[in-house]
Amino acid sequence: MSQTKQIEQKWQKRWEEAKLFEADPDPNRQKKLVTFPFPYMNGPLHVGHAFTASRVDVYARFKRMQGFNVLWPWSWHWTGQPLLGASQRVARGDEAYIKVLREVDGVSEADLQKFVDPYYMAQYYTNDGRSAVKRIGFSVDWRREFTTVMPTFQKFIEWQYKNLKEEGYVTQGTHPVVWCPKDQSPTGDHDRQSGEGITPDEYTLIKYCLDDGTILPAATFRPETVYGITNMWINPDATYVEADVDGETWIISQQAAEKLKEQEHKITPKRTFLGRELVGKFFTSPITHLKFPILPGWFVNPQTATGIVYSVPAHAPYDYLALRDLQKNPEILTQFGLDPKVVLAINPISIIQIDGFGEYPAIEIVEKMGITDQKDPKADEATNELYKKEFHSGTLKANCGIYAGKSIREAKDKLGADFKKLGAADCMYDLSDAVVCRCMTPCIVKILSDQWFLNYSNPKWKELAHQVINQLTLYPESAKPWFNTVIDWLREWACARTTGFGTPLPWGKGWVIETLSDSTLYMAFYTINAQIKANNIQPPSLTPDVLDYIFLGKGDKPAVAKVANISTELLDSMRQEFLYWYPLDLRNSAKELVPNHLSFCIFHHAALFPPQHWPKAIGINGMLMVEGQGMHKSKGNFITLKGAIETYGADATRCGLLLGAEGMDDPDWRADNVKDLQSKFDSFMGFTGNIIASTKKDENTALERWLTSRMQQRIKDVTAALDELKTRTALQTALFETWNDLRWYTQRKGNTETKALGEAVKDWLKLIAPFAPFLCEELWSQTDEEGFISTAKWPTYSADKIDIAALEQETLITDVMDDTNNILKAMKITPTKIIYYTAAPWKWQIYLKVLEKTLAGEAKINELMREFAADPTLKPHMKDIAPLVPRIIKALTKVSSDRKLNLVKIGLTDEKTILTEVAKFLKDRFNAEITIYGESDTQCFDPKHRAAMAMPYQSAIYIE
């Protein structure tokens, strides 16, 4: 067994024995409740889970060390279709899937045979996941653990939905849903094998007519563009259907006919034929009553909407490109019996005015972006950009009838509604991309009647959700507009299905609550679950009245306790525990959950809890990439959490993930980077262990004061970064930048160990402990400190410990070394002699005066020169002062305001003495003879007249 693994097992065991992370209410301490979305147990935990959860653990450990009473609970999501779908694939003998379970998940043959039972599969992965969570060192209170099929938790969900229904937020109605034809059930985001986040799109169908009255329902998201039509596109090789649709004769794609059957349309097919039969015919617009030709468009996808597309080349880049291609190759049209002159005569019709564009925006943007043809990927970008601009700032022109002068934003919905009233339009729903259920069945859009929905369209509920967003902190803050946008566009959400695991809908026989809909408020259940388990409270005792009392303070305590057969003391204890831990202090999730899970969480808290119990902060992070690609088992780049820990160790895994990104940027897991961290941690153990083990001398030179000051700066920066959940910034500062400081100190000191270094190392270990807890516990145990570093006091920044003169002294030395290295690099020589010339006292007088002026505002050269000329002590140097002042002003533009203030406080610095004291150090670094002169020294070896070039904080240099 490796030393790293021994250390991990040792401290994992000691933490558990000490019950270190079990958190109970303590009225004398401030609390922090932090959570991570419970993972689905249809597979093992992977490094994507670990990235998000590591951020939570770092924050939890940081706040615990700051003295907060921190609760981080964990649970497991079993409900929905994922487990059932996975188990069914094993039962069907899906060899490709079973191979992945064997080779990636590491499931044994004996366990594989039992995976036909979805409950066994769920328990297997739960046990596997719990082991991985403990091995990576997450500081979890396991007493509060549950799965979402536990009867006690289901009582909580029943209570939640009973109250939501009473408040009017769960309604019965008719709405479009993503539907699995096999399961005969709505398919929520996490019940999908693919297509997460896809929701039904509503198309307006403009009912164009052939001469015989047959309707060609062309689908569009932009009904206002009907005034700019020039032709219609039909795929000549696609199969279309002539059918009776609700008493009208329609022509639509074969796929559209099947979809419309599920959307409350009565469909009776009459015949099928290829689209080429329609090419060359003319049709009439139901709005303008003008006639237009039908042209061949092989780009038309019969699986999208009706498979019929009308063309607006002035405002749609794809339409313009398709028309341009036909006009360049008109001979294509002869095979359809269509006169090429008809196509060559087509001119775009401009209907929308937008700033920055002329008559034909689509043509302009195609030419501006250099788009070659319909297959050019830039065509998508052009379409999105133009549509966005037209929607937000476009105005309809005079040729748009009664809608002329209206903005697209205000006219769009009204147009669609008016056209429907006229009988000129209809609607249908479709999916923007393929959605596949966990049972591996492709999904469709179905309009459900008498289905139960979470009514996210409710204006009152939306307003409450916006209020939650406005009062909470988001990490990063830039996510706030995204949340508000999601809240605005969320509509009715089917909250029940008929298959998969889940809590039965309290009032709907045969329905279970959908998997995303039961994962919105469960953070509150954590607060009482330890007491439920410790006191063996049975599900029947968790009545709605009991939960109303615990979570809402409703009801008469003695009466509620008596009916539920729970003591009033226990009932009150659970109520007080909820009140202590709530509200939720931090919820951290990946950004893919913003449009569903996180926004649902906000809605449900807003609906059921008063403002004082609304979430206080939400963190959002990016989606983990592996070697530059999205992680997926089918790509062969799926990395399990237990596999990563086994290969690289817990601390290297944690830090390799956390160094990847922060904010909403996507981190990229690179094996080479994590291996490099392993090596660095070995060096870290040796470097730190040697310092801890050595004898300490009590010294207080400028160098010790610099080290103490530097550590204070690092403490301040790491603390500030962690308070804003900037975990990468905090780790980079804590590990690498602080390590560089300590290396510099030991090199400058000549490896003499001092008390100051020993104290700095203790603080350093504390700064790294939230990120690499195992190694830090091991090293902490080697110091003279007692207890665990996991609960040691976080170092506190103290401005009084900052010695700005000591800091500037070391900065001066490093700047001199950098300048020397730059010269050596440019000259490409190995030095034998280096001479430094420090600035004359009169130059310091000039420098400090210019510095004061730049701090006060603008340093004006003319005013400064007049002031210097009036000083008799400077008169001998006026010729040299004239070029010096601009040099100083330029140099100071690169200096921060804070540092300028420090330099003013320090005033005149004896650079010659400072450099003389480090001459031996410089000699060792450059392997050359070192000499220091003051510019004004009478005995000064200066063969190249470099001394006159010296400036304060910028010595002149001569090298042989």
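Anyway, here's the lowdown on the structure attached to this text. (Residues numbered from 1 in each chain as written. Predicted model: local features only at pLDDT ≥ 70, side-chain atom pairs only at ≥ 80, totals over all residues. Heavy atoms only, no water.)

### Things to note about the sheet that holds strand E29 (residues 833-838)
- With mixed pairing, three strands are arranged side by side in an open sheet as E30-E29-E31. Edge strands, defined here as strands with exactly one partner in the open sheet, are strand E30 (929-934) and strand E31 (956-959). Between one strand axis and the next, the sheet turns through 20° on average, direction left out of account.
- Across four bridges, E29 lies against E31 in antiparallel orientation. (Pairing = 2+ DSSP bridges. Helix = DSSP H or I, 4+ residues; strand = E, 2+ residues; numbered from the N terminus. Axes fitted to C-alpha atoms, helices over the stretch in contact; angles between N-to-C directions.)

### Considerations on the packing of aromatic side chains
- Applying the stated criterion across every chain yields a total of 64 aromatic pairs.
- For the ring pair Trp 159 and Phe 551, a centre distance of 5.2 Å and an interplane angle of 35° mean the geometry is tilted. Placement of the pair is Trp 159 in helix H7 (residues 151-166) and Phe 551 in helix H17 (residues 544-552), with a sequence separation of 392 residues. Like Trp 159, the residue Phe 551 is buried in the burial classification.
- Relative to Tyr 933, the ring of Tyr 837 has its centre 6.1 Å away and its plane inclined at 20°; by these criteria the two rings are stacked. (Phe/Tyr/Trp six-rings, centres within 6.5 Å; stacked < 30°, edge-to-face > 60°. Buried < 20%, exposed > 50% of the residue type's maximum accessible area, 1.4 Å probe, protein only.)

### Structural notes on the nonpolar core
- Membership of the largest hydrophobic core comes to 162 residues, with the highest contact counts inside it found for Trp 74, Trp 669, Tyr 836, Ile 846 and Val 850.
- Sort the elements by how many residues they give to this core and helix H2 (residues 47-65) lands first, with 10 residues.
- Counting residues in each nonpolar core, the second largest holds 75 residues, with Phe 38, Ile 513, Phe 525 and Phe 603 among its members. (Core = buried A, V, L, I, M, F, W, Y, C linked by side-chain atoms within 4.5 Å.)

### So, the side chain of Arg 748
- Along the chain, Arg 748 falls in helix H25 (residues 727-749).
- Of the residues examined, Arg 748 reaches a relative accessible area of 15% and is grouped as buried.
- Reaching out from Arg 748, the side chain makes a polar contact with the side chain of Glu 810 at a distance of 2.8 Å.
- Setting aside its immediate chain neighbours within four residues, Arg 748 contacts Leu 703, Gln 809, Glu 810, Ile 813, Val 918 and Phe 921. (Polar contact = N/O pair within 3.5 Å; in protein donor to acceptor, adjacent residues only side chain to side chain. Contact = heavy atoms within 4.5 Å.)

### Points about the pattern of salt bridges
- Under the definition given, this model contains 61 salt bridges.
- For Arg 144, the salt bridge goes to Asp 141, with nearest N and O atoms at 3.1 Å. In this pair, the class of Arg 144 matches that of Asp 141, namely buried.
- Put simply, Lys 749 and Glu 699 hold a salt bridge, and the shortest N to O gap is 2.7 Å. Remark: Glu 699 occurs in the loop between helix H23 (671-693) and helix H24 (702-723) and Lys 749 occurs in helix H25; sequence separation between them is 50 residues.
- Looking at Lys 749, the relative accessible area reads 17%, which means it is buried.
- On the basis of relative accessible area, Glu 699 is assigned to the partly exposed category, the value being 27%. (Salt bridge = Lys/Arg side-chain N within 4 Å of Asp/Glu carboxyl O.)

Read these as spatial facts, not as claims about activity.
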